[in-house]
Amino acid sequence: MQRYPVWRLRHEGTYGSLVEVLLANRALTEADLSDSPEVLNDPFLMQDMDRAVERILAAIRTGERIVVFGDYDADGVTSTALLMDFLDRVGADASFLLPHRYRDGYGMKPSGVVRALERGAGLIVTADNGISAFEAVDAANGANIDVVVIDHHHPQDRLPEAHALVNPNRTDCDYPFKGLAAVGVAFKVVQALSGVLIPEEERRRYLNSLLDLVALGTVSDVAPMLSENRLLTRRGMQVIEQAPRPGVLALKEIAGSAGRTIDTTAIGFFLGPRINSAGRLASADLALNLLRSKDATEAEGFAKELNALNGERRELQSVGTAEAERQVEAEGLDRHKILVLQGDSWHLGVVGLIAGRLVEKYWRPALVCTDYRKNGIYTGSARTAGGYNIVEAIFRVADLLTEYGGHADAAGFSVPAENYPDFQARLVADAAERLSDDDLLPQLDLDVMLKPSEISLETVDQLSRLAPFGAQNESPRFMARDCQIVDVRAVGQGAHLKMSVDTGARVCDAIWWRQGDLVYELSSGDCVDLAFELGANTWQGKTTVQMMVEDMRRCEK
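Since the structure is predicted, the reported quantities are computational estimates derived from the model, not experimental observations.

Bringing the pattern of salt bridges into the picture now. Here the structure, examined in full by the defined rule, presents 29 salt bridges. Here Arg481 makes a salt bridge to Asp529, at a shortest N to O gap of 3.7 Å. With Arg481 in strand β14 (residues 478-491) and Asp529 in strand β17 (residues 527-539), this pair connects stretches of sequence that are 48 residues apart. For Arg481, a relative accessible area of 39% corresponds to the partly exposed category. Here Asp529 falls in the buried class, since its relative accessible area comes to 1%. Connected through salt bridges with shared partners, the residues Arg10, Arg26 and Asp447 form a single ionic network.

Set out below in structure tokens:
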């Protein structure tokens, strides 16, 4: 029943202010969570922003065709939608291209430049890619097409020879905040351009109207929820609630989020996955068309298609994860400190999700690749655990790869089939050298032992001061000892565990997602310790406090 052998309380003993404890646990201050516009940095502090703005302005003013080359995930789609919204708003001659996950793979390649040429491009602006597009940028330069790169991925040891390269993670960029998602970087470019092209009395209102896209992309890409990202996301969630564009309204309706408070959980688990499903299983153009739609009926149709794809994605992910787990067990791969797996039939759109599930189960980095294209190249995704920087690990075996890139926590790669044995062996050796047994011991960090009287709606309201939650400002997790189960049952067609528990101060509802099978191990009257997040649940007009269980163990005798 207990998933994590170690529960670590970050704050031991008594406490006064719960909020102060939570801030101290995260090494944050009230200023770090400020909602003041002063946290927004001048976009021109970003390296090459002036060159990017100058070149895009010249294209707009002369009627030169601009092609925005985006990406197929939620960050890339929202980045493209945001740039196209602005270019349409100022009357630019603009078009877009999104790569197809199966035909094209990630990022802009020379073939993408050819497609842009066919669209009559005089200028290519990338969105959520380009930092590693060396061959494509060279091809564009050879065709006398300038490229402005807008990206946030970590660069390699050199940069492409683009006209401008806007990326806060450039080693020579002094921009104060490095955690922007690509949609955040695109927003900063638009912020800079709008100062020239949009009258001041309209500019602020227009920029605010784009923040729904910023929130969707930032949360979906699991960007750090600090500094600018916090303010942009918080305001963006308000836009999603109050005045969303038709496509976002249709997405909320189909995801069951209409009329509910929009938070990072709603985006991360309900809205974002549906946007991502288009690029995973079909064409990302579908998601982009949804976000760009101006017609409610048209948007509803796009949303229904995305919802169907999301259902198909869940099934493929479930089947693929089960097969991957069987491979781990059959081959004893979990004896290593990293999992490197290859499957012939795993769907390319879900290998990253399979890797994530393997990390959850085996608590070690996982790289999962597939021969789905049947072209002799295994394409895959990586997720990390134990503090292992996965993109740096991939850089260390780059001589075996045809494509690679990403972040510290997640990355992508392509490896020729003949190189795969060496790829696997070298990563296993690299992880063995850099990871200790303690690094891979499943450990659940909990903020504090919550007082029974504070398991309440009043505490939920207090916690909202720290929201929005996300990477580096995680949703608070608590511990409660000696809770007595009053009632236990499986819900959601048996998938989830629902309990009523007596905490010592009141009886509360508790839900443990994807743990419905535990209903057979528990009975009314059992004593358990709970690790949980705290939230509010509204049912039939009544709002009550709810514990979202992360782990559970029997009380000590």
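Bringing the state of the cysteines into the picture now. For the coordinates displayed, the defined rule picks out 1 disulfide. What pairs with Cys527 in a disulfide is Cys555, and their sulfur atoms sit 2.1 Å apart. The S-S bond linking Cys527 to Cys555 shows a torsion near -80°; that makes this disulfide left-handed. Of this pair, Cys527 sits in strand β17 while Cys555 sits in the segment after β18 (542-554); the two residues are 28 residues apart in sequence, bridging distant segments of the chain. Judged by relative accessible area, which is 33%, Cys527 ranks as partly exposed. With no disulfide of its own, Cys508 has Cys483 as its nearest cysteine by sulfur position, at a separation of 8.3 Å.

Running from N to C, helix α3 (residues 74-89) and helix α12 (residues 285-292) point in directions that differ by 45°, and their axes come no closer than 10 Å. Taken as axis vectors, α3 and α12 run oblique relative to one another. At the point where α3 passes α12, the crossing takes the right-handed sense. Residue-level contacts link Val77, Thr78, Thr80, Ala81, Met84, Asp85 and Asp88 of α3 to Ala287, Leu288, Leu291 and Arg292 of α12.

For helix α9 (residues 227-242), which comprises 16 residues, the first-to-last C-alpha distance of 23 Å matches the rise-based estimate of 22 Å (1.5 Å per residue) to within 8%. Buried within α9 we find Glu228, Asn229, Arg230, Leu231, Leu232, Thr233, Gly236, Met237, Val239 and Ile240. In this structure, the buried residues of α9 make contact with α6 (182-197), α7 (200-209), α8 (211-220), α10 (246-255) and α11 (264-281).

Cut-off values and rules
- Residues numbered from 1 in each chain as written.
- Predicted model: local features only at pLDDT ≥ 70, side-chain atom pairs only at ≥ 80, totals over all residues.
- Heavy atoms only, no water.
- Salt bridge = Lys/Arg side-chain N within 4 Å of Asp/Glu carboxyl O.
- Helix = DSSP H or I, 4+ residues; strand = E, 2+ residues; numbered from the N terminus.
- Buried < 20%, exposed > 50% of the residue type's maximum accessible area, 1.4 Å probe, protein only.
- Disulfide = S-S within 2.5 Å.
- Axes fitted to C-alpha atoms, helices over the stretch in contact; angles between N-to-C directions.
- Parallel < 35°, antiparallel > 145°, perpendicular 65-115°, else oblique.
- Left-handed = near helix turned anticlockwise from the far one by under 90°.
- Contact = heavy atoms within 4.5 Å.
- Expected span 1.5 Å × (residues − 1).

These values are about where atoms sit, not about what they do.
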